[in-house]
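Structural overview
What follows is each chain in one-letter form.
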Amino acid sequence: KSKAKRFRKGESQVSFDDVAGLENAKRDMREITGYLKDPQYYRKLGAKIPKGILLMGPPGTGKTLLAKAVAGEADVPFFSISGSEFIEMFVGVGASRVRDMFDSAKKEAPSIIFIDEIDSVGRARGTGLGGGHDEREQTLNQILGEMDGFDPHEAVVVLAATNRPDVLDPALLRPGRFDRKIILDLPDKKARREILQIHASEAPLADDADLDRLAGLTVGFSGADLENLLNEAALLAGREGKSAVDMAALLNARDKVVLGGKREMVIND
Ligand code: ATP
């Protein structure tokens with residue numbers, strides 16, 4: 001049985017409106033949702049739709065969110081699996097999971113497969129570190145084999161995410177596999193403002209909460225960092241018995257997220 005996480009048709013409630021910024025990525029993805037909604041029409045036009053699309057960008061920039069939004073917009077089933085799940089697995093299990101997931105996706109086509117952290121299985125083969133890791137290699141080979149085996153008219157689109165495109169096995173990037181790449185950048189000020197707005201709609205903001213100013217003070221923050229900031233601010237406001245999230249709480253939370261990030265960097269050194 002496939003252990004891939006799945007949303008059935010109608011279950012992914014995420015839409016492009018939930019994704020702030022990333023205009024280029026959304027434009028490219030609209031083409032895919034158009035195809036998934038009406039594959040026959042595109043087939044008649046003789047249009048070739050990419051089978052595999054690689055979403056590349058730093059952690060927390062919305063790769064998973066965007067993939068779910070594609071499923072939500074097209075209203076098709078979404079199957080997802082993370083490359084990191086295959087590490088430490090018994091040999092053969094990863095490959096059979098991949099096979100099951102592709103079988104289910106084909107049965108329910110049009111559909112989307114999302115492979116998060118593809119670099120965990122998709123590192124260049126035979127590069128010393130992790131080299132000879134049978135399980136990883138078999139899983140990767142299974143993914144490649146499944147993609148090669150697609151009927152050209154199969155309406156299954158495979159999205160994969162990575163923040164380490166530099167380590168990927170070139171075999172993954174060959175034509176007919178992940179030959180389309182979409183880059184997700186860290187949000188600029190306008191996008192940070194929008195992300196704050198999207199996530200702040202869940203919390204009561206005090207009158208002095210200035211999201212515009214906060215967007216200017218969060219250079220380098222990812223969408224996930226901003227979401228984290230808002231949550232920290234709500235916790236701080238709660239601890240102080242405030243009835244709304246004010247600017248002081250937002251600024252303190254910002255410092256906390258910045259320091260948290262620094263601490264992590266020191267450990268990594
Ligand atoms: P990772 O590489 O760590 O897996 P990711 O790129 O897949 O990260 P997501 O899991 O999609 O990132 O994003 C984490 C959370 O951050 C999302 O659930 C969302 O709440 C928020 N977020 C990130 N980017 C955006 C964005 N552009 N618009 C709105 N929310 C965002």
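Predicted model, so just to flag it, every value in this text is computed and none were measured. Throughout this document, residue positions are counted from 1 along each chain, in the order its sequence is written. pLDDT decides what is reported in this predicted model: residues at 70 or higher carry local features, side-chain atom pairs at 80 or more are listed and counted, and totals for whole chains, interfaces and linings draw on all residues regardless. Side-chain numbers come from the whole structure's heavy atoms, not from hydrogens or water.

1. Here we look at the confidence of the model for the chain
Per-residue pLDDT for the chain has a mean of 87; in total, 88% of the residues score no lower than 70. Looking over the chain, one finds the lowest element-wise mean pLDDT in strand β1 (residues 5–7), namely 70, and the highest in helix α8 (residues 211–216), namely 97. This model gives residues 264–269 a pLDDT under 50, and the stretch forms 0 contacts once residues within four places in sequence are excluded. The complex model carries a pTM of 0.88, and its ipTM stands at 0.96. Each residue carries a pLDDT score, the predictor's confidence in it, ranging from 0 to 100. Where helices and strands are cited, they refer to DSSP runs of H or I of at least four residues and of E of at least two residues respectively, numbered from the N terminus. When checking whether two residues touch, look at their non-hydrogen atoms; a contact exists if any pair is within 4.5 Å.

2. Re the site of the ligand
Residues are labelled near a given molecule or strand when at least one of their non-hydrogen atoms is within 4 Å of it. By nearness alone, 18 residues border the ligand, and Ala-20, Gly-60, Lys-63, Thr-64 and Glu-227 come closest of all. Contact between the ligand and Thr-64: an oxygen atom at 2.7 Å from a side-chain N or O atom of the residue. At a separation of 2.7 Å, an oxygen atom of the ligand approaches a polar side-chain atom of Glu-227. A 1.4 Å probe and the Shrake-Rupley method give the accessible areas. Residues count as covered only by the protein chains that appear here. Burial of the ligand by the protein chains amounts to 80% of its free accessible area of 640 Å². Partitioning the shell around the ligand into residue classes produces 7 nonpolar, 7 polar and 4 charged. Polar contacts here mean pairs of N or O atoms no more than 3.5 Å apart (in protein, one a potential hydrogen donor and the other a potential acceptor; neighbouring residues in sequence count only if both atoms are side-chain atoms). Classification used: nonpolar for Ala, Val, Leu, Ile, Met, Phe, Trp, Tyr, Cys and Pro, charged for Asp, Glu, Lys and Arg, polar for all others including Gly.

3. Some remarks on helix α1 (residues 23–37)
In a regular helix each residue adds 1.5 Å, so 15 residues correspond to 21 Å; α1 covers 21 Å between its end C-alpha atoms and thus fits that length. Those residues of α1 that sit buried are Ala-25, Lys-26, Asp-28, Met-29, Ile-32, Thr-33, Tyr-35 and Leu-36. Where α1 is buried, its residues touch α2 (39–44), β2 (52–56), α3 (63–74), β4 (111–116), β5 (156–162) and β6 (180–183). A helix's residues, less one, multiplied by 1.5 Å, set its expected span. Relative accessibility decides the category of a residue: with a 1.4 Å probe and only protein chains considered, values under 20% of the type maximum give buried, values over 50% give exposed, and everything between is partly exposed.

4. A few points about the environment of Asp-28
Relative to the helices and strands, Asp-28 is located in helix α1. Along the sequence, Asp-28 and Lys-44 sit 16 residues apart, while their C-alpha atoms lie 21 Å from each other. What Asp-28 contacts, discounting residues up to four positions off in sequence, is Arg-180 and Ile-182.

5. Focus on the side chain of Ser-120
Looking at the secondary structure, you find Ser-120 in helix α5 (residues 119–122). Only 3.5 Å separates the side chain of Ser-120 from the backbone nitrogen of Ser-84, close enough to count as a polar contact. Side-chain polar atoms of Ser-120 contact the backbone oxygen of Glu-117, separated by 3.0 Å.

6. Quick look at the nonpolar core
Counting residues in hydrophobic clusters, the biggest one holds 28 residues, and the most contacted among them are Met-29 and Leu-36. Of all elements in the fold, only α1, β2, α3, β4 and β5 reach the threshold of two or more residues within this core. Among the nonpolar cores identified, the runner-up in size contains 25 residues, and Ile-81, Ile-115, Leu-144 and Ala-171 belong to it. To qualify as a nonpolar core, a set must consist of buried Ala, Val, Leu, Ile, Met, Phe, Trp, Tyr and Cys residues joined through side-chain atoms within 4.5 Å.

7. A word on the packing of α1 against α3
Angles here are taken between N-to-C directions and fall from 0 to 180 degrees, while the axes themselves are lines fitted to C-alpha atoms, restricted in helices to the stretch in contact. Direction vectors running N to C along α1 and α3 enclose 40°, while the axes themselves pass 9 Å from each other. Relative to α3, α1 is oriented so that their crossing is right-handed. Contact residues: α1 offers Ala-25, Lys-26, Met-29, Ile-32, Thr-33, Leu-36 and Lys-37, while α3 offers Leu-66, Val-70, Glu-73 and Ala-74. Classifying every residue of the contact of α1 with α3 by side-chain character gives 7 nonpolar, 1 polar and 3 charged. Should the near helix be turned counterclockwise from the far one by less than a right angle, the crossing is left-handed, whereas a clockwise turn marks it as right-handed.

8. A word on the pairing of β4
Within β4, 5 of the 6 residues are buried, which leaves it mostly tucked inside the rest of the structure. As judged from the 5 bridges shared by strand β3 (residues 78–82) and β4, these two strands associate in the parallel manner. Bridge pairing in β4 places Ser-82 opposite Asp-116. In terms of strand pairing, β4 meets β5 through 5 bridges, oriented parallel. Directly across from Ile-112, in β5, lies its bridge partner Val-157. Two strands pair if DSSP finds at least two bridges between them.

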